[in-house]
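# Coordinate analysis (summary)
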Amino acid sequence: DVDVRKVSILGKDSIHCGFHLIPYIVQTVIDTLPSSTYVLVTDTNVGNLHLSAFQAEFDSRKGNARFLPYVIAPGETSKSREGKAEIEDYLLLNKCTRDTVILALGGGVIGDLVGFVAATFMRGVRFVQIPTTLLAMVDSSVGGKTAIDTPHGKNLIGAFWQPEYIFIDAAFLETLPAREFSNGMAEVIKAALRYLRYTGVSRSVLPRIAPIQPTLSSIPDLKAVSLTRVQTAAIWNETEFAALESRAAEIFAAIQTPSVNFAGRTEATRSPAQQLLLSVIAGSIGVKAHIVTIDERETGLRNLVNFGHTIGHAIEAILTPAMLHGECVAVGMILEAEVARQLGVLSQVAVGRLTRCLKAYNLPVSLSDPRITSLPAARSLSVSKLLDIMKIDKKNSGPQKKIVILSRIGATYEPKATVVADKVIAKTLSE
Ligand code: NAD
Ligand code: ZN
């Protein structure tokens, strides 16, 4: 039997995690998503490394079906209207019909773009996410948000479209550049941080909590009212966060040492560090899957995944593409934690703990990091410019800025983002 860890989302066990899963992925797709045509879209970086394995598996298992691989240029610029049209023209030229199943093999760029193609091609066809970056595994492939960029901004045109499966094969991380791995760790740490108190909140209790409870800590018995229906396979706990903090070197080693390929079979072939990596990834996915399940269309709770992102996005707007999203969010998390400290909600000890954890994964934790100050674009980083950019954040209600405020490691001040005065943010940014 193939060793696969399943995580449930929106009531289905559609997230499958393991090592060296390509044969399993192809067999599962063919068995459970019957079609005349399977189209796999990837970029040249991932294609050069991993496409031949998919080609071989499809060749030996597909029977009469067609397998059509399509490789595009890597990078954010492919996530455009032109990039979408190019894939659509390929599908039309090849006479793909409504029964087509599209596989998105790659990072968040491929997932967002191919997901959006799937959402609108023939008014929507089935698709499968096979994320190959850590960021895509724990974040972008989970939740059904698909989008492309326009010259007016990122992710402005898109749709909610859920994949049939999300296959997480941690062995893909062994070819991922270290900087991209750290980039994803920022989101992993974020997920670990602010979720502990939220495990097991059900849809039915949320409306009752939101209006009457100012802080989560005042809900005495969250677990007692939870419904198993919305509970995920992997739930974070303090132990797992502590493992993230203390076992960083081991987790890095796990992706730097090629794992033995026994086609997904037997855990015994994995090192303890690889086991840890898989449980960290599955835990993080469980957090996002859970939030998506109880708040699929981002009405309120799902906003909580935005910890670090209000300030992080503003930094990213100035420093992209030189700095990666996770790097900007890492700085954003520390600055937003500082805001919480300024407000007297979060302790200095907790800020220090978060700082050390991010540093252990080689992430920047302040705007004076040399990786930032050495950039030409860093000269445009001023408090007023950052505040200006934050004005147009989607989470805002009118001109007021909203930040997810931590009350301690593992808990947020409110079950939603909190309105914070400009002068508090300005004070933090100028320190
Ligand atoms: P990416 O897709 O650009 O991948 C990063 C780089 O790594 C690329 O050069 C890629 O070719 C390469 N790569 C990917 N997998 C590899 C592997 N296994 N081995 C070697 N190289 C590999 O970037 P990303 O960080 O994965 O995704 C960023 C995108 O995700 C952004 O467009 C962002 O808007 C989007 N995103 C979407 C959501 C969502 O909810 N939909 C959430 C977060 C981010
Ligand atoms: Zn993010």
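To start, this report covers the structure provided alongside it. (Residues numbered from 1 in each chain as written. Chains lettered and ligands numbered in written order. Predicted model: local features only at pLDDT ≥ 70, side-chain atom pairs only at ≥ 80, totals over all residues. Heavy atoms only, no water.)

### Points about the sheet that holds strand β2 (residues 12–18)
If you trace the seven strands from one edge of the open sheet to the other, you get β1-β2-β9-β6-β5-β3-β4, paired in mixed fashion. The sheet terminates laterally at β1 (5–9) and β4 (66–72), the two strands that pair on one side only. The sheet shows a mean angle of 20° between the axes of neighbouring strands, taken without regard to direction. Pairing of β1 with β2, which is carried by four bridges, proceeds in the antiparallel orientation. Bridged to Ile 9 within β2 is Lys 12. (Pairing = 2+ DSSP bridges. Helix = DSSP H or I, 4+ residues; strand = E, 2+ residues; numbered from the N terminus. Axes fitted to C-alpha atoms, helices over the stretch in contact; angles between N-to-C directions.)

### Describing the coordination of the zinc ion (ligand 2)
Any two of four tetrahedral donors ideally make an angle of 109.5 degrees at the metal, while pairs among six octahedral donors ideally make 90 or 180 degrees. Glu 187 (OE), His 309 (NE2) and His 325 (NE2) make up the full set of protein donors to the zinc ion (ligand 2), lying at 2.0 to 2.1 Å. All donor residues of the zinc ion (ligand 2) come from one chain, and their arrangement in sequence is E-x121-H-x15-H. Taken as a pair, Glu 187 in helix α6 (residues 178–195) and His 309 in helix α11 (residues 309–319) lie far apart in primary sequence, 122 residues in all. Residue Glu 187 is classed as buried on the basis of its relative accessible area, which comes to 2%. A relative accessible area of 4% means that His 309 is categorised as buried. (Donors = N, O, S within 2.8 Å, 3.2 Å for Na, K, Ca; no water. Buried < 20%, exposed > 50% of the residue type's maximum accessible area, 1.4 Å probe, protein only.)

### Digging into the site of ligand 1
Taken together, the neighbourhood of ligand 1 is formed by 26 residues, with Asp 43, Glu 76, Thr 132, Thr 133 and Thr 175 sitting nearest. One of the side-chain N or O atoms of Asn 45 is found 2.9 Å from an oxygen atom in ligand 1. Between Lys 79 and ligand 1, the recorded distance is 2.8 Å, taken from a side-chain N or O atom to an oxygen atom. For the shell around ligand 1, the secondary-structure elements that each account for two or more residues are α2 (44–61), α4 (108–120), α5 (134–140), β8 (153–160) and α6. A per-class count over the shell around ligand 1 returns eight nonpolar, nine polar and nine charged. (Near = heavy atom within 4 Å. Polar contact = N/O pair within 3.5 Å; in protein donor to acceptor, adjacent residues only side chain to side chain. Nonpolar A, V, L, I, M, F, W, Y, C, P; charged D, E, K, R; others polar.)

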